[in-house]
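# Structural description and commentary
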Amino acid sequence: MAQIFPEWSNKVPVIVLAVVFGVLGPGATLAVWYYFSPEFTDVGYQPVQPIPYSHALHAGELELDCRYCHAQVERSAVASLPPTQVCMNCHKLVKQDSPKLEALRRSLARREPVPWVRIHNVPDYAYFNHAVHIKAGVGCSSCHGDVASMEVVAQAEPLSMAWCLDCHRNPEPHLRPPEEIYNTAWKPAKDHAEVAAELRAAHGINPPEACTACHR
Ligand code: HEC
Ligand code: HEC
Ligand code: HEC
Ligand code: HEC
Ligand code: HEC
C-alpha cells in the first residue's frame, strides 16, 4: 500500500510530546492537560439544530414554562424533548408557512421525530437523574446556565466527575426555594446561606460521594 505520509512523520507525536514536556516545561503541560479536559472539550458545545428554535423567544419573551416542553423533568431520570405535536399546538396557526419550520412540517408529515442534536451527555457508565435533583431544590440553571436567554443552547458546565462532586460536597450555594427552580436568571440573595441551610435541613439533603451512587 502506498504511504501517504513520509516516514519521518511517525516521529511527529514523539517530538511534540518531548517539546511540550521537556523544553517548554510545566506551563505547556498544564495547557495540554487543560486542552484535553472536559472543561475545554465540552463547555460551549453548540451544534447547529435542524430548526432554528429559540429558547430566548419561547422560554424568555413568551415565558413558556420549561415543563411545557420538558414534561418529564420532575418525574423521571430524563428531562425529555417535546414531541412535534407540542410545537404544533401553536404553529398550526402561528407562522405555519415559515421556511424556518420546514423540518417541523416534514416531521409531522412523516410521523418521525425532529432530529434534534443532543448537547448534554454523560457517559452510560455514570448514572444521572433529573427528578432527584429537582426535588432537592437544584434549579435548571445550576447545570445548564441561563437557557431562557439563549438563542441557541450551548453547554454551560463541564459535566465532568469533578464538577458533579464539587456540588455534592457543597450543595448549599445551589439550593433554592421551589418557586425559583425554573427561573434560569435566578441569583442567590444576600441571606442565601441561611435560607439554604434551612432548605437542606428541611429536606434532609445529603448528596452521595460514594462511587457506587453514580457508577452502578
Ligand atoms: C416550546 C418548547 C420548549 C420550552 C418552553 C423549553 N424548551 Fe428546552 N428545548 C426545547 C427543544 C425543542 C430543544 C432541542 C433543541 C435545542 O437544543 O434547542 C430543547 C433543548 C434544551 C436543552 C438542551 C438539551 C440537550 O440536548 O442537551 C436544555 C438544557 C433545555 N432545553 C432547557 C430548558 C429550560 C431550562 C427551559 C425553561 C427555562 C426550557 N428548556 C424551555 C424546547 C423547549
Ligand atoms: C405557545 C405557543 C408556541 C409554542 C408551543 C411553540 N412556538 Fe414557536 N413561536 C411562537 C411564536 C408566538 C413565535 C413568534 C412569531 C412571530 O415572530 O411573529 C414563534 C416563532 C418560532 C420560530 C421562528 C419562525 C420565524 O419564521 O421567524 C421557530 C423556528 C419556532 N417558533 C419553532 C418552534 C418549535 C420547534 C417549537 C416546539 C419545540 C415551538 N416553536 C413551539 C409560539 C410558539
Ligand atoms: C444537577 C444538574 C442538572 C440539573 C439541575 C438539570 N439538568 Fe438537565 N441535564 C443534566 C445532565 C448531566 C444531562 C445529561 C444527561 C445524560 O446524558 O444522561 C442533562 C440533560 C438534559 C436534557 C437533554 C435530554 C435529557 O433528558 O437527557 C434536557 C432537555 C435537560 N437536561 C433539561 C433540563 C431542565 C429543563 C432542567 C430544570 C428543570 C434541568 N435540565 C436540570 C444536568 C442537570
Ligand atoms: C449543582 C449541584 C449538583 C450537581 C452539579 C450535581 N448534583 Fe447530584 N445531587 C445534588 C443534590 C443536592 C443531591 C441530593 C439529593 C438528596 O439528598 O435528596 C444529589 C443527588 C445525586 C444522586 C443520588 C440520587 C439518588 O437516587 O439517591 C446521584 C446518583 C447524583 N446526584 C448524580 C450526579 C451526577 C452524575 C452529577 C454530574 C453529572 C451530579 N449529580 C451533579 C446536587 C448536584
Ligand atoms: C456524583 C457522581 C459521581 C461519583 C460519586 C463518582 N463518579 Fe466517577 N464519574 C462520574 C461522571 C459523571 C463521570 C464521567 C465524566 C466525564 O464524562 O468526563 C465519571 C467518570 C469516572 C471514570 C472515568 C475516567 C474519568 O475520570 O473520566 C472513573 C474511572 C471513575 N469515574 C471512577 C470513580 C470512582 C473510583 C469513584 C469513587 C471514589 C467515583 N468515580 C465517584 C460521576 C461520579
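Owing to the predicted nature of the structure, the values given are computational and were not obtained by experimental measurement. (Residues numbered from 1 in each chain as written. Chains lettered and ligands numbered in written order. Predicted model: local features only at pLDDT ≥ 70, side-chain atom pairs only at ≥ 80, totals over all residues. Heavy atoms only, no water.)

### Thoughts on the coordination of the iron atom of ligand 1
With distances of 2.0 to 2.1 Å, the protein atoms coordinating the iron atom of ligand 1 are His-55 (NE2) and His-70 (NE2). Around the iron atom of ligand 1, the six donor atoms sit at angles spanning 88 to 180 degrees, and that spread fits a shape best called octahedral. A residue pair is termed long-range when its members are at least 10 positions apart, and His-55 in helix H4 (residues 55–61) and His-70 in the loop between helix H5 (66–69) and helix H6 (84–91) qualify at 15 residues. Here His-55 falls in the buried class, since its relative accessible area comes to 15%. (Donors = N, O, S within 2.8 Å, 3.2 Å for Na, K, Ca; no water. Tetrahedral: all angles 85-135°; square planar, octahedral: opposite > 155°, others 65-115°. Helix = DSSP H or I, 4+ residues; strand = E, 2+ residues; numbered from the N terminus. Buried < 20%, exposed > 50% of the residue type's maximum accessible area, 1.4 Å probe, protein only.)

### Considering the environment of Ser-76
Within the secondary structure layout, Ser-76 lies in the loop between H5 and H6. Between the C-alpha atom of Ser-76 and that of Ala-131, which follows or precedes it by 55 residues, the distance is 5.3 Å. Setting aside residues up to four positions removed in sequence, Ser-76 forms contacts with Asn-129, His-130 and Ala-131. (Contact = heavy atoms within 4.5 Å.)

### Observations concerning the coordination of the iron atom of ligand 5
Every protein donor of the iron atom of ligand 5 is accounted for by Met-161 (SD) and His-215 (NE2), and the metal-donor separations fall at 2.0 to 2.1 Å. For the iron atom of ligand 5, the six donor atoms are set out with angles of 86 to 179 degrees between them, so the coordination reads as octahedral. Remark: His-215 occurs in the segment after helix H12 (211–214) and Met-161 occurs in helix H10 (residues 161–169); sequence separation between them is 54 residues.

### Things to note about the site of ligand 3
Looking at ligand 3, there are 20 residues lining it, with Ala-79, His-130, Cys-140, Cys-143 and His-144 nearest. Measuring from an oxygen atom of ligand 3, one finds a backbone N or O atom of Ser-80 at 3.0 Å. Among the elements of the structure, helix H8 (130–135) and helix H9 (140–144) are those that each provide at least two residues to the shell around ligand 3. Per-class residue counts for the shell around ligand 3 are 11 nonpolar, eight polar and one charged. (Near = heavy atom within 4 Å. Polar contact = N/O pair within 3.5 Å; in protein donor to acceptor, adjacent residues only side chain to side chain. Nonpolar A, V, L, I, M, F, W, Y, C, P; charged D, E, K, R; others polar.)

### Thoughts on the side chain of His-91
Summarising the element assignment, His-91 is placed in helix H6. In contact with His-91, not counting residues within four places along its chain, are His-58, Gln-96, Leu-101 and Leu-104.

### Describing the confidence of the model for the protein chain
Confidence along the protein chain averages 87 in pLDDT terms, with 81% of residues attaining 70 or more. Note that residues 8–23 has pLDDT below 50 and, in this model, eight contacts with residues that lie over four places away or in other chains. (pLDDT = per-residue confidence, 0-100.)

### A closer look at the pattern of salt bridges
The final tally for this structure, using the stated rule, is six salt bridges. The closest approach of N and O atoms between Glu-102 and Arg-105, which form a salt bridge, is 3.5 Å. Here Glu-102 and its partner Arg-105 are both found in helix H7 (residues 102–110), three residues apart, which amounts to about one turn of the helix. By relative accessible area, Arg-105 is classed as partly exposed at 30%. (Salt bridge = Lys/Arg side-chain N within 4 Å of Asp/Glu carboxyl O.)

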